[in-house]
Amino acid sequence: MRYFSRLSLQAPRRSEGTFAFPRSVASQRLVRDERGTIAVMFGAAASVLLLASGGAVDIGRIYGANQRLQSALDAAVLAAARGILIENLTAPDSIQANVRTMLVENLKVAMTVPITLDVSVEERAVEAVASVQLETPILALAGIKSMKTNVRSRASIAETNLEVSLVVDTTGSMKINGHVGSVTSALSDLINDLEPLAPKIAMVPFSEMVNIGPAYQSSWIDLDGRSPTHGIMFDETSGPVIHHNLFSSMGIQWGNCVEMRAQPYDVTDDPPVSSNPSTLFVPFFGPAVSPFANYLRAGYSNIQGAGVVRDRTRYIPANRASIADPGHPGDFYTPNSNCNRNPIIPLTTDYGQIRSRIASLDFDGGTNIPSGLSWGWHVLSPGEPFAQGAAYSALDTRKVLVLLTDGQNDMKVEANGFGMFYDKRMGQTGKSWIAMTPLVDARMDLLCKNIKASGVVIYIISYALGNTGETAKQKARMDKCASSPDSHFDAENPAELRRALVNIVRSVTPITLER
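Everything numeric here is computed off the predicted structure, so don't read it as measured data.

S.K.: I would appreciate a short explanation of the state of the cysteines in the present structure.
M.R.: Disulfides are covalent bonds that connect the sulfur atoms of two cysteines. In this structure the tally under the stated criterion is two disulfides. Disulfide pairing places Cys257 opposite Cys339 at an S-S distance of 2.0 Å. Around the S-S axis, the bridge from Cys257 to Cys339 shows a dihedral of about 85° and counts as right-handed. Highlighted residues: Cys257 in strand β7 (residues 257-258) and Cys339 in the loop between β10 (306-308) and β11 (345-348), separated in sequence by 82 residues. A single burial state applies to Cys257 and to Cys339, both of which are buried. Between the sulfur of Cys448 and that of Cys481 lies a disulfide, 2.0 Å long from S to S.

Next comes the structure, spelled out in structure tokens:
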């Protein structure tokens, strides 16, 4: 409008035969006044814009401080709640002091202004409100000299039952590489850390297979050779070979180790039922193999470079040789030589029993991780073979499997939970153990997937694997096996092993955070 008015005050242009009216003094003054008004308005607008942009800087500082304060307070109340649960702290003054100390420690670099803190303590909860008053130098130009920000955190101890399966690698590499002391010490500390949570704990030591212990029920076991993998390590041209019969003919007692079940049940938690022989567990009877586990005098046949006795008639006391077992001084090779000597402990609250087992662990044999994982899952199951776990659907129960291993699947010359390389139970060519290892890895991948699908949380510690191309592949496999990459810990020394186990305890502690 002003622009139109200004134009309307301009004199007509001079043209030939005409003349222009002279500009009046009043019109010239009006033009100058309007120019001055615009300048004043521009200055005022610039001030407002400057204040707004500067205020945004102040508000951004307040927001950043709020976020740092919230994170620090969350950590402080969580630590205090763990103190109630794990350290049995009950004195409100001590718990409040812990929150203040932790908050100050977390913020000593991030924030240098005084903080107001109010902490309240309940029997199973800690709540805190923190506030800070921050100066606003830009907004002060508008009369706002400071702003206050408040945060709230509440950590509550949930009424949750915890079931933990400790799947522990007890292979010979642990002993050869000098890891036994650090591993057993770390496991003992883990039990101490878990005990205040009152969990049920199971322990599953594994090597080339798992020892189910003497408390098994015969209904789980294939005693009469009906499973499709029962006896296939031996020559069955004259009829089925039944492992219990071989033990009887040798005059030797079964060592309570079992083979992996026939596919697909090697990677499932289906209960063993007599009506489906593939779900039954085959008692392990290791054939005599030269030069390892060569406990028979004669009858060896060459199978792809390995001497193996497949003829059942050779398994008699008269053909037995007394060959020393170097892994166990004073002992001799038997059909149980590759059987893990550490029986499973099913879910229990007898933590003394777990500690005693840890202290007496025997380390020997090769690595068959699927055997440990499968039985680590079975002990948490609500169904057979142990049937001691809560229902998978139970909302008040958390099921956790912790795998500790220093190796990768290592198929050797002797028989293991997956039999012998030549029996082709996994679809292998039957020519070597090397060709069988990728198949075992694939079964492990599927097993991990199925365990997680059932609702079990998997934590994995890869201990002292080192850094090579092969171990990098193994660590990547374990990243996928764990419930998340953050649930797989690469620990290269005892201190890192201890930290990994502490982090796992913190993760499984049933504490919820509210804001």
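Picking up where we left off.
S.K.: Looking at this model, I keep getting lost on the packing of helix α5 (residues 180-194) against helix α11 (residues 494-508). Mind explaining?
M.R.: Between two packed helices, what matters for the description is the angle formed by their axes and the separation of those axes. In the contact formed by α5 and α11, the axes pass within 10 Å of each other and the chain directions differ by 25°. Viewed along their axes, α5 and α11 adopt a mutual orientation that is roughly parallel. Crossing handedness for the pair α5 and α11: right-handed. Here Ser182, Val183, Ala186, Leu187, Asp189, Leu190, Asp193 and Leu194 of α5 lie close against α11, whose contacting residues are Pro494, Leu497, Arg498, Leu501, Val502, Val505 and Val508. Considering only residue class, the contact of α5 with α11 consists of eleven nonpolar, one polar and three charged.

S.K.: What exactly am I supposed to notice about the sheet that holds strand β8 (residues 289-290) here?
M.R.: Working definition: the strands of a sheet are paired by backbone hydrogen bonds and lie parallel or antiparallel to each other. Read across the sheet, three strands follow the order β8-β10-β9 without closing on themselves; strand pairing throughout is antiparallel. If you trace the sheet from one side to the other, it starts and ends with β8 and β9 (301-303), each paired once.

S.K.: Teacher, can you tell me more about empty space enclosed by the protein here?
M.R.: Inspection of the entire model under this criterion finds four cavities of 30 Å³ or more. Considering only enclosed or pocket space, the largest cavity measures out at about 50 Å³ in volume. Among the residues making up the lining of the largest cavity, the classes are represented as four nonpolar, three polar and three charged.

S.K.: When you look at the packing of aromatic side chains in this model, what are you seeing that I'm missing?
M.R.: What describes a pair of aromatic rings is the distance from one ring centre to the other and the angle between the planes of the rings. Evaluation of the coordinates by the stated rule reveals eleven aromatic pairs. Taken together, a centroid distance of 5.2 Å and an interplanar angle of 70° make the contact between Trp220 and Phe386 edge-to-face. Separated by 166 residues along the polypeptide, Trp220 in the loop between β6 (210-211) and α6 (243-250) and Phe386 in the loop between α8 (369-378) and β12 (397-405) bring together distant segments of the chain. Ring centres of Tyr295 and Tyr315 lie 6.2 Å apart, and the angle between their planes is 55°; on these two criteria the pair is classed as tilted. Here Tyr295 is found in the loop between β8 and β9, whereas its partner Tyr315 is found in the loop between β10 and β11, with 20 residues between them in sequence. Each member of the pair Tyr295 and Tyr315 is classed as buried.

S.K.: Explain the nonpolar core here, please?
M.R.: Here is a general trend for soluble globular proteins: nonpolar side chains tend to be buried in one another's company. In this structure, Tyr315, Leu373, Trp375, Leu401 and Leu403 are the most contacted members of the largest nonpolar core, which totals 67 residues. With five residues, the single largest contributor to this core is helix α9 (residues 437-453). Setting aside its immediate chain neighbours within four residues, Leu373 contacts Val167, Leu401, Leu403, Met444, Leu447, Cys448, Ile451 and Cys481. In terms of nonpolar packing, the next biggest core, distinct from the first, is built from 62 residues, Ala76, Ala128, Ile157 and Leu497 among them.

S.K.: Honestly, helix α10 (residues 469-481) in this entry has me stumped. Any pointers?
M.R.: Every α-helical turn comprises 3.6 residues, leaving residues that sit three or four positions apart pointing alike. Between its terminal C-alpha atoms α10 stretches 19 Å, which fits the 18 Å expected from 13 residues at 1.5 Å a residue. Burial in α10 covers these residues: Thr471, Gln474, Lys475, Met478 and Cys481. Buried residues of α10 fall within an arc of 115° about the axis and therefore sit on the same side. Within α10, the exposed residues directed more than 90 degrees away from the buried face are Gly469, Lys473 and Lys480. At its buried positions, α10 is contacted by α8, β12, α9, β13 (457-463) and β14 (488-491).

S.K.: Can you help me understand unusual backbone geometry in this one?
M.R.: One can expect most non-glycine residues to show negative phi and most peptide bonds to be in trans. The omega torsion across Ser290 and Pro291 is 10°, close enough to zero to call that bond cis. In this chain, Glu384 is followed by Pro385 through a cis amide linkage whose omega measures 20°. Within the secondary structure, Pro385 sits in the loop between α8 and β12. One non-glycine residue, Ala293, lies in positive phi territory at about 55°. Relative to the elements of secondary structure, Ala293 occurs in the loop between β8 and β9.

Conventions and cut-offs
Residues numbered from 1 in each chain as written. Predicted model: local features only at pLDDT ≥ 70, side-chain atom pairs only at ≥ 80, totals over all residues. Heavy atoms only, no water. Disulfide = S-S within 2.5 Å. Helix = DSSP H or I, 4+ residues; strand = E, 2+ residues; numbered from the N terminus. Buried < 20%, exposed > 50% of the residue type's maximum accessible area, 1.4 Å probe, protein only. Axes fitted to C-alpha atoms, helices over the stretch in contact; angles between N-to-C directions. Parallel < 35°, antiparallel > 145°, perpendicular 65-115°, else oblique. Left-handed = near helix turned anticlockwise from the far one by under 90°. Contact = heavy atoms within 4.5 Å. Nonpolar A, V, L, I, M, F, W, Y, C, P; charged D, E, K, R; others polar. Pairing = 2+ DSSP bridges. 1 Å grid on protein atoms, 1.4 Å probe; cavity = no way out; pocket = protein on both sides within 12 Å on 5 of 7 lines; lining within 4 Å. Points joined across faces, edges and corners; volume = space filled by probe spheres on them. Phe/Tyr/Trp six-rings, centres within 6.5 Å; stacked < 30°, edge-to-face > 60°. Core = buried A, V, L, I, M, F, W, Y, C linked by side-chain atoms within 4.5 Å. Expected span 1.5 Å × (residues − 1). Arc of directions from axis to C-beta.

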